[in-house]
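Architecture and fold: a report
Chain residues, written in single-letter form:
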Amino acid sequence: MGQIELKQVTKSFGNTQVIPPLDLTIHEGEFTVFVGPSGCGKSTLLRLIAGLEDISSGHIEIDGTDATSLVPAKRGLAMVFQSYALYPHMSVRKNIAFPLKMAKMDQAEIDKRVNAAAEVLNLKDYIDRRPGQLSGGQRQRVAIGRAIVREPSAFLFDEPLSNLDAALRVGMRLEISELHKRLKTTMVYVTHDQVEAMTMADKIVVLQAGVIEQIGSPLELYRTPRNVFVAGFIGSPKMNLITGEEAAKYDAHTIGVRPEHIDVVDGEGEWNGTVGVAEHLGSDTFFHIHNTGLGEMLTVRAIGDVSLKHGDKIGLNPRKNEMHRFDAAGLRIA
Amino acid sequence: MMAPAVVLLLGWMLVPLVLTLWFSFVKFLPMRGDSIAKGLDWVGFENYVRFFSSSSFWPSVQITVLMVGGVLAICIIFGVLFALLLDQPMWGQGIVRILVIAPFFVMPTVSALVWKNMMMDPVNGLFAHLWRFFGAEPVVWLQDASLSSIIFIVSWQWLPFATLILLTAIQSLDSEQLEASEMDGAHPLQRFAYIVLPHMGRAITIVTLIMTIFLLSIFAEIFVTTGGAFGTRTLTFLIFQRVIDSQNIGLGSAGGVYAIILANIIAIFLMRIVGKNLDQ
Ligand SMILES: Nc1ncnc2c1ncn2[C@@H]1O[C@H](COP(=O)(O)OP(=O)(O)O)[C@@H](O)[C@H]1O
Ligand SMILES: [Mg+2]
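Worth saying up front: this structure is predicted, and the values here are computed from it rather than measured.

With that settled, consider the sheet that holds strand 12 (residues 254-257) of chain A. All names here are of chain A. If you trace the three strands from one edge of the open sheet to the other, you get 11-12-18, paired in antiparallel fashion. Pairing within the sheet leaves two strands with one partner each, and these edge strands are strand 11 (240-243) and strand 18 (324-326). Geometrically, the sheet is characterised by an average inter-axis angle of 25 degrees between neighbouring strands, direction not taken into account. Pairing of strand 11 with strand 12, which is carried by four bridges, proceeds in the antiparallel orientation. Looking across to strand 12, one finds that asparagine 240 is bridged to valine 257.

Contacts between the two partners involve 16 residues from chain B and, on the opposite side, 23 residues from chain A. Counting each side, the surface lost to burial between chain B and chain A is near 1,800 Å², with a carbon and sulfur contribution of 58%. Summed over the three residues of chain B that lose the most area to chain A, namely Met183, Asp184 and Tyr194 of chain B, the buried surface amounts to 40% of that side. Our enumeration of links across chain B and chain A arrives at three salt bridges. We note a salt bridge from arginine 47 of chain A to glutamate 179 of chain B, for which the minimum N-O separation is 2.8 Å. At the surface where chain B touches chain A, the tally comes to seven residue pairs in polar contact (both at pLDDT 80 or more). Those elements that place two or more of their residues in the side of chain B that touches chain A are helix 9 (175-183) and helix 10 (188-215) of chain B. The dominant element in the side of chain B that touches chain A, judged by the number of residues it contributes, is helix 9 of chain B, at seven residues. Across the side of chain B that touches chain A, the residue classes tally to six nonpolar, five polar and five charged.

Residues and elements named next belong to chain B. Following both chains from N to C, one finds helix 5 (residues 108-119) and helix 8 (residues 146-171) inclined at 130 degrees, their axes separated by 10 Å at the closest point. Taken together, the axes of helix 5 and helix 8 lie oblique to each other. Seen from above, helix 5 lies across helix 8 with right-handed handedness. Counted together, Pro108, Ser111, Ala112 and Trp115 of helix 5 and Phe152, Ile153, Trp156 and Gln157 of helix 8 form the full contact between these two elements.

Residue and element names in this part refer to chain A. Among the structural elements, histidine 288 can be located in strand 15 (residues 284-290). Accessibility expressed as a relative area gives 17% for histidine 288, which makes it buried. Residues in contact with histidine 288, not counting those within four places in the same chain, are Thr274, Val275, Gly276, Val277, Glu279, Met297, Leu298 and Thr299.

A word on helix 12 (residues 235-245) of chain B. For helix 12 of chain B, the full list of buried residues reads Leu235, Phe237, Leu238, Ile239, Gln241 and Arg242 of chain B. Directly after helix 12 of chain B, the chain includes glutamine 247 of chain B, whose backbone phi takes a positive value near 50 degrees.

On any regular strand, side chains alternate: one points to one face of the sheet, the next to the other face. Residues and elements named next belong to chain A. The element strand 9 (residues 203-208) is largely enclosed, with a buried count of five among its six residues. Where strand 3 (residues 31-35) lies against strand 9, four bridges are found, and the strand directions are parallel. Residue pairing across strands places phenylalanine 34 opposite valine 205, the latter belonging to strand 9. Looking at chain direction, strand 9 and strand 10 (residues 211-216) are connected through five bridges and run antiparallel. Looking across to strand 10, one finds that isoleucine 204 is bridged to glycine 216. Here strand 9 hands over to strand 10 after two residues, with alanine 209 in that stretch at a positive phi of 50 degrees.

All right, on to unusual backbone geometry then. Excluding glycine, most residues fall at negative phi; most peptide bonds, likewise, are trans. At the junction of serine 236 of chain A and proline 237 of chain A, the peptide bond is cis and its omega measures out at -5 degrees in the coordinates. The topology assignment puts proline 237 of chain A in the loop between helix 8 (228-233) and strand 11. Backbone geometry at glutamate 151 of chain A places phi at a positive 50 degrees, although glycine is not the residue there. Counting through the fold element by element, glutamate 151 of chain A comes out in the loop between helix 4 (136-148) and strand 7 (154-158). The exposed category is assigned to glutamate 151 of chain A, whose relative accessible area is 56%. The backbone of glutamine 247 of chain B shows a phi angle near 50 degrees, a positive value even though the residue is not glycine.

Before going further, it helps to examine the pairing of strand 2 (residues 16-26) of chain A. Bridge count for strand 1 (residues 4-13) of chain A against strand 2 of chain A is seven bridges, and the pairing is antiparallel. Residue pairing across strands places serine 12 of chain A opposite glutamine 17 of chain A, the latter belonging to strand 2 of chain A.

Another aspect to go through is a nonpolar patch on the surface. All names here are of chain B. On the surface, Met2, Val6, Leu10, Trp12, Met13, Leu14, Leu17, Val18, Leu21 and Ile260 cluster together to form a nonpolar patch covering roughly 980 Å² of accessible area. Here the element with the most residues in the nonpolar patch is helix 1 (residues 3-24); it accounts for eight residues. Within the fold, valine 18 resides in helix 1. Assessed through its relative accessible area of 49%, valine 18 is described here as partly exposed.

By a widely used convention, the size of an interface equals the accessible area lost when the partners come together. All names here are of chain A. Each assigned domain of chain A is listed here: domain 1 (4-229) and domain 2 (237-326). Placing a centre on the C-alpha atoms of domain 1 and another on those of domain 2 gives a separation of 38 Å. Between domain 1 and domain 2, the residue contacts involve six residues of the former and eight residues of the latter. In this assembly, domain 1 packs against domain 2 so that about 530 Å² is buried in total across both faces, 63% of it on carbon and sulfur atoms. It is Tyr222, Pro225 and Val228 that lose the most area in domain 1 upon contact with domain 2, and together they represent 85% of the buried surface on that side. Between domain 1 and domain 2 we count zero salt bridges in total. The interface formed by domain 1 and domain 2 holds two residue pairs in polar contact (both at pLDDT 80 or more) in total. Split into classes, the residues belonging to the side of domain 1 that touches domain 2 amount to four nonpolar, one polar and one charged.

Conventions we followed
- Residues numbered from 1 in each chain as written.
- Chains lettered and ligands numbered in written order.
- Predicted model: local features only at pLDDT ≥ 70, side-chain atom pairs only at ≥ 80, totals over all residues.
- Heavy atoms only, no water.
- Pairing = 2+ DSSP bridges.
- Helix = DSSP H or I, 4+ residues; strand = E, 2+ residues; numbered from the N terminus.
- Axes fitted to C-alpha atoms, helices over the stretch in contact; angles between N-to-C directions.
- Contact = heavy atoms within 4.5 Å.
- Buried area = accessible area lost by both parts, 1.4 Å probe.
- Salt bridge = Lys/Arg side-chain N within 4 Å of Asp/Glu carboxyl O.
- Polar contact = N/O pair within 3.5 Å; in protein donor to acceptor, adjacent residues only side chain to side chain.
- Nonpolar A, V, L, I, M, F, W, Y, C, P; charged D, E, K, R; others polar.
- Parallel < 35°, antiparallel > 145°, perpendicular 65-115°, else oblique.
- Left-handed = near helix turned anticlockwise from the far one by under 90°.
- Buried < 20%, exposed > 50% of the residue type's maximum accessible area, 1.4 Å probe, protein only.
- Patch = residues over 30% accessible without salt bridge, like charges linked within 9 Å, V, L, I, M, F, W, Y side chains within 5 Å.
- Areas by Shrake-Rupley, 256 points an atom, 1.4 Å probe, with all protein chains shown as cover.
- Domains from an automatic or database assignment.

If you want it as structure tokens, here you go:
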């Protein structure tokens, strides 16, 4: 179980509408990621699903039954908060056992489930410590442990990795993905980091100002962004977006080419410019190209360690078949 | 640079302490002609033995404990309730909060006088009128329920302090913790018991500690209302009576030293609890 359906859901705080009417279906077992810039309403949407905020109008259905007016505890969902929200005066064991204790489960079953969760999440060594004595990554695991013991029909994560350092984040990202593969439970995951979205999601929901810009698998969004916003948001480094005369040549208002879809050529290319900053990552090198006459700075990927220096002249050929075209309204031209 | 401050502070603390200690070991009855100028007779522990074996000593310790304990219980329980109420969003929050704090700014003597004459007076007091309105015989509060009445008056003064500290404690609670417990299926009462109350534990111990230290020396409220009669003679008041009424400075000083010892025992005891609570 774990199908979540939003039907014409809206949310207003006072007079400001944060979520305009929105329809969305999250299928059972899916790893769905809400991604979008800060303040676009991702957390609000998640909290509406959790029941922590009341929706202003519309319906929420969980597993086919109307859950619009159900209290959070009755929705069968578990949430992992950005601040972890562990109970500071309880040991790790008590924290994880808390939802089971509230459900009046008998002690033997509680112990069994807590031990199983501790096993899965490697919490055993510090099960009797307080949250204050744990590192960020360990706290994160405890928060996840507290969510999984309930065996919810879906997990909700609100930017769970944003308080961790970069190395730990990559590790936890994998752990959460692993967890999803093993439990096969629906997960809804909120992040502003498109890399997290791309690496973890089965399905990405791109949001801007409360509006769904596009829904699709990571590769669908990468290959066929529905509009300029999605094109610019998904992919790292960002897609080069060019307007004006050059775009008009392709019968478009805006054209977009990803850095990895521009070839560096010897001598003159279709586009020419001078090399600015070079970002050497070892496997790839990203060059910033100036003075192309296209209005914008271009980013270009070269595979391996290419020996171009600051100020060098460079010729570029965009791959025509990998080019994205958008009309004046910003929508994709097929 | 520190020396003058240290000397001043030490003098400030030590002079009264040393004088009290000295007086407690001598016979000092000013009405009988004793004075520091003429020299005082050393009597060893006689004052201590007399103060301790006096029939008023143990009752006064008991009353002190009852009074401090009673005020603390009322202030903590109602302080928590008021803090919970004031934490709710409501109309006119600012004004309500100021009104709640107001009693704390009234001098103890004044508040005791107001309660004694305007509220608890058996003939003209507000309570007497209220009782008569319902056809009941007015209660002579400060005589028939003297200890409870004083506990009530003192609690009225200290409740704002407790409420204020506990309110800031409640407000510092991370709302995500409450939401997490809500999702975990805790009812409002369970949320209070498992999340809010433990979070306030530290503030409650601090309120207890601070209030105990001040409450041990309650004086004005007793002096103004019952004058120590009707079972309201605390240790502090007993010392006062020994020194002023009986004009026996030696005996009073011995009582003072007992009071210091008692206060320290309680302080050490409380500090250990606070220390434990602050550890986490
Ligand atoms: N309780 C609230 N009251 C008023 N406005 C809110 C409240 N919560 C969120 N908002 C507003 O709703 C918008 C979306 O917020 P949020 O969902 O937290 O964004 P995100 O999680 O995508 O960064 C923001 O403009 C924010 O100011
Ligand atoms: Mg957010």
